[in-house]
Amino acid sequence: MTLKLGMVGGGQGAFIGGVHRMAARLDGRWELVAGALSSDPARAAASAADLGIAPDRSYSDFAQMALAEAARPDGIAAVAIVTPNHLHAKVATAFLRAGIAVICDKPMTATLPEAEELAALAAETSVPFVLTQTYTGYPMVREARRMIAEGAIGAVRHVQVEYLQDWLAGPVEQSGQKQAVWRTDPGLSGEGGCIADIGTHAVNLATFVSGLGVQAVLADLTAFEPGRRLDDNAAVLLRFDGGAKGMIWASQITSGTKNALRFRIAGERGGLAWDQEDPDLLEFTPLGDTTRLLRRGDGLTQTPSRIPSGHPEGYLEAFATLYADAADLIEGKGLASTRALATAEDGLAGMRFIRACVRSNEAGGTWTAA
């Protein structure tokens, strides 16, 4: 069955909205039929026309859209929220209250109080809420999670995650570049810059794969670009449940990197390593033995994938996996894959991580509960 999808944000000139639309279409599970694609009515209408959305399902206001779609017999099953961070909470609240499932880009909200209220509402309404932590959709990331859960490397001792980019290495926001403008504005992005934009991906990957929660952080956040109001580089020490330790380096000013996300996990009986820019391979080293390169679909791995081994499965496919899992969740299939989806509680944990890192940095780098 094809589910009907709506979208808030993601109009002409936006980046992540197009990614969501491509991912949603990939498995044929979703059809985009409605949208409030811009806060500007003319741009919203033009964007809807570009995407083949009927004029009567193009809205200039997301609250109106939530009410109208909930009242239609052919209304949307879910809404994708791809706006700047400061609108996430308001949009998600309107659709949860209308009984429409939410698929929200990360971070969940701009502030921790908003996240607390939204998580409570999601629990109260029991309406499905999915946070698009993209990298958890990669097959070899899920394979690493499975291996750790089954004891392949023993108890986790240390988790290291790097997420490096260079697109903010200069004063990009001063040129009017849309993504840079809102991501470096505390009023639109929230109190975290790089730590919120990609640091939340890094910590989510650390907790998703290891199965451990973060207890405390010690953070050093820096805005290296003169005049920038939010951090563009973050170095964070982590303390996990059970005594494991960890480190995150998240940076958007590291020249020569584009989307260099990687993790290395040390356990008492071995280790695992994965690199997003070579995503079909997982490095597995049992203690005292030779390193083995596990390849997606090579017969040694157990996590399903959508295309034959040797044909790279990357970012869009990982994103599409989240949309396929969200469809299963909404249809009540209860598959194991749906339990890998990030929820409102995971979103709240991400916001607590941002707040803890900011407070730790403000205190000069002290351990702060997460």
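Note that the structure is predicted; figures quoted are calculated from it, not measured.

Details of the sheet that holds strand 3 (residues 78-81)
Thinking step 1. Reading across from one edge, 2-1-3-4-5 is the order of the 5 strands in this open sheet, with parallel pairing throughout. Looking along the sheet, the strands with just one partner apiece sit at the ends: strand 2 (30-36) and strand 5 (129-131). Across the sheet, the axes of successive neighbouring strands diverge by a mean angle of 25 degrees, strand direction being ignored.
Thinking step 2. Bridging between strand 1 (residues 3-8) and strand 3 involves 4 bridges; their strand directions are parallel. Along strand 3, the bridge assignment pairs Val8 with Ile81.
Thinking step 3. Across the sheet, helix 3 (residues 62-71) lies against strand 1, strand 2 and strand 3, angled at about 130 degrees from strand 2, the strand it touches most.

Quick word on the pattern of salt bridges
Thinking step 1. This model, assessed by the stated rule, comprises 29 salt bridges.
Thinking step 2. A salt bridge links Glu143 to Arg146; its shortest N-O distance comes to 2.7 Å. Remark: Arg146 and Glu143 occur in helix 6 (residues 139-149); sequence separation between them is 3 residues, near one turn of the helix.
Thinking step 3. A salt bridge links Glu173 to Arg228; the shortest N-O distance between them is 2.8 Å. With a gap of 55 residues between them, Glu173 in the loop between strand 6 (156-164) and helix 7 (178-183) and Arg228 in the loop between strand 7 (214-222) and strand 8 (233-240) connect regions that are remote in the sequence.
Thinking step 4. In this structure Glu173 comes out as buried when scored by relative accessible area, which is 17%.

Description of the state of the cysteines
Working definition of a disulfide: a covalent bond connecting the sulfur atoms of two cysteines.
Thinking step 1. Counting across every chain of the model gives 0 disulfides.
Thinking step 2. For the unlinked cysteine Cys194, the closest cysteine sulfur is that of Cys357, found at 11 Å.
Thinking step 3. Since its relative accessible area comes to 0%, Cys194 is described here as buried.

Regarding the nonpolar core
Thinking step 1. With 103 residues, the main nonpolar core has Trp30, Phe95, Phe129, Val236 and Phe263 as its most contacted residues.
Thinking step 2. At 8 residues, the largest contribution of residues to this core is made by helix 12 (residues 344-362).
Thinking step 3. Among residues more than four places away in sequence, those in contact with Val236 are Ile195, Val217, Leu218, Ala219, Gly246, Met247, Ile248, Phe353 and Cys357.

About the cut-offs
- Residues numbered from 1 in each chain as written.
- Predicted model: local features only at pLDDT ≥ 70, side-chain atom pairs only at ≥ 80, totals over all residues.
- Heavy atoms only, no water.
- Pairing = 2+ DSSP bridges.
- Helix = DSSP H or I, 4+ residues; strand = E, 2+ residues; numbered from the N terminus.
- Axes fitted to C-alpha atoms, helices over the stretch in contact; angles between N-to-C directions.
- Contact = heavy atoms within 4.5 Å.
- Salt bridge = Lys/Arg side-chain N within 4 Å of Asp/Glu carboxyl O.
- Buried < 20%, exposed > 50% of the residue type's maximum accessible area, 1.4 Å probe, protein only.
- Disulfide = S-S within 2.5 Å.
- Core = buried A, V, L, I, M, F, W, Y, C linked by side-chain atoms within 4.5 Å.

Interpretation note: all reported values are geometric properties and have no functional meaning in isolation.
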